[in-house]
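As a plain string of letters, each chain reads:
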Amino acid sequence: MTFACKLETLRRARGILLDSSFTGETLKTPRDHEMFIALAEKGFALGTALPGRSTHCERQLLSPYVNWSAYALSLAEKYRLY
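Residues numbered from 1 in each chain as written. Predicted model: local features only at pLDDT ≥ 70, side-chain atom pairs only at ≥ 80, totals over all residues. Heavy atoms only, no water.

### A short note on the overall build of the protein chain
The condition that has to hold: Strands are runs of DSSP state E lasting at least two residues, helices are runs of H or I lasting at least four, and both sets are numbered from the N terminus onward. Only the C-alpha atoms count toward the radius of gyration. The rule for a globule is 2.2 Å times the residue count to the power 0.38. Note on classification: 1.4 Å probe, protein chains only; a residue is buried when its accessible area is under 20% of the maximum for its type, exposed when over 50%, partly exposed between these limits. Two residues form a contact once any of their heavy atoms are found within 4.5 Å. The protein chains shown are the only cover counted for residues, whose accessible areas, like all others here, come from Shrake-Rupley with a 1.4 Å probe. Under the counting rule used here, the positive set is Lys and Arg, the negative set is Asp and Glu, and His together with the chain ends is not counted. To locate a charge, take NZ of a lysine, CZ of an arginine, CG of an aspartate or CD of a glutamate.
Each helix and strand in the protein chain was counted, giving four helices and zero strands. The helix and strand sequence of the protein chain, counted from the amino end, reads α-α-α-α. The C-alpha radius of gyration of the protein chain comes to 17 Å, more than 25% above the 12 Å expected for a compact globule of 82 residues. With respect to the principal axes defined by its C-alpha atoms, the protein chain has extents near 50 × 30 × 20 Å. Out of the 82 residues belonging to the protein chain, those deemed buried represent 15%. Within the protein chain, contacts between residues separated by at least 24 positions form 23% of all contacts whose residues are at least 6 apart in sequence. Put simply, the protein chain shows about 7,500 Å² of open surface, and 54% of that area lies on carbon and sulfur atoms. Within the protein chain, one finds 11 positive and 8 negative side-chain charges whose respective centroids are separated by 7 Å.

Following this line, the structure appears as structure tokens:
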């Protein structure tokens, strides 16, 4: 799970962010959706990225709005990686 916030926000939300029912080591995956709901219930706001401007780095989860092959080739050409 990735997000950005100010240090003060981390301090104020610490109890929720470290709650083992959301992020515990025994979980297969973090329960981030439930954690964000708990944060919202305590008055915290959540902004989301624009679709297509962010993505996961797993092939099955890449944003469908970007031609990733063309993008990778353009980077290889720009930085002479081939």
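### Observations regarding the packing of aromatic side chains
Stated formally: Note on ring pairs: Phe, Tyr and Trp rings are taken, using the six-membered ring of Trp, and paired if centres are within 6.5 Å. Classes follow the plane angle, with under 30 degrees stacked, over 60 edge-to-face and the rest tilted.
For the structure shown, the criterion picks out one aromatic pair. On the basis of an interplanar angle of 90 degrees and a centroid distance of 5.9 Å, the ring pair of Trp-68 and Tyr-71 is categorised as edge-to-face. Of the two residues, Trp-68 and Tyr-71 both sit in helix 4 (residues 68-78), three residues apart, roughly one turn of that helix. Its relative accessible area of 26% is what places Trp-68 among the partly exposed residues.

### Observations concerning a nonpolar patch on the surface
Rules: Each patch is assembled from residues with relative accessible area greater than 30% and no salt bridge, linking like charges that lie within 9 Å and nonpolar side chains (Val, Leu, Ile, Met, Phe, Trp, Tyr) that lie within 5 Å. Salt-bridge detection follows one rule: a side-chain nitrogen of Lys or Arg within 4 Å of a carboxyl oxygen of Asp or Glu.
On the surface, a cluster of nonpolar side chains totalling about 270 Å² of accessible area is made up of Phe-3, Leu-7 and Leu-10. By secondary structure assignment, the location of Phe-3 is in the segment before helix 1 (7-17).

### Notes on the packing of helix 1 against helix 3 (residues 32-41)
Worth spelling out the cut-off: To obtain each axis, a line is fitted to C-alpha atoms, and for helices this fit is confined to the stretch in contact; angles are then taken between N-to-C directions over 0 to 180 degrees. Small angles under 35 degrees read as roughly parallel and large ones over 145 as roughly antiparallel, with 65 to 115 read as roughly perpendicular and the rest as oblique. Crossing handedness follows the turn of the near helix against the far one: under a right angle anticlockwise gives a left-handed crossing, and clockwise gives a right-handed one.
Orientation of helix 1 relative to helix 3, taken along the N-to-C sense of each, is 130 degrees, at an axis distance of 10 Å. Taken together, the axes of helix 1 and helix 3 lie oblique to each other. Here helix 1 and helix 3 pass one another in a crossing that is right-handed. Contacts between helix 1 and helix 3 involve Ala-13, Ile-16 and Leu-17 from the first element and Met-35, Ala-38 and Leu-39 from the second.

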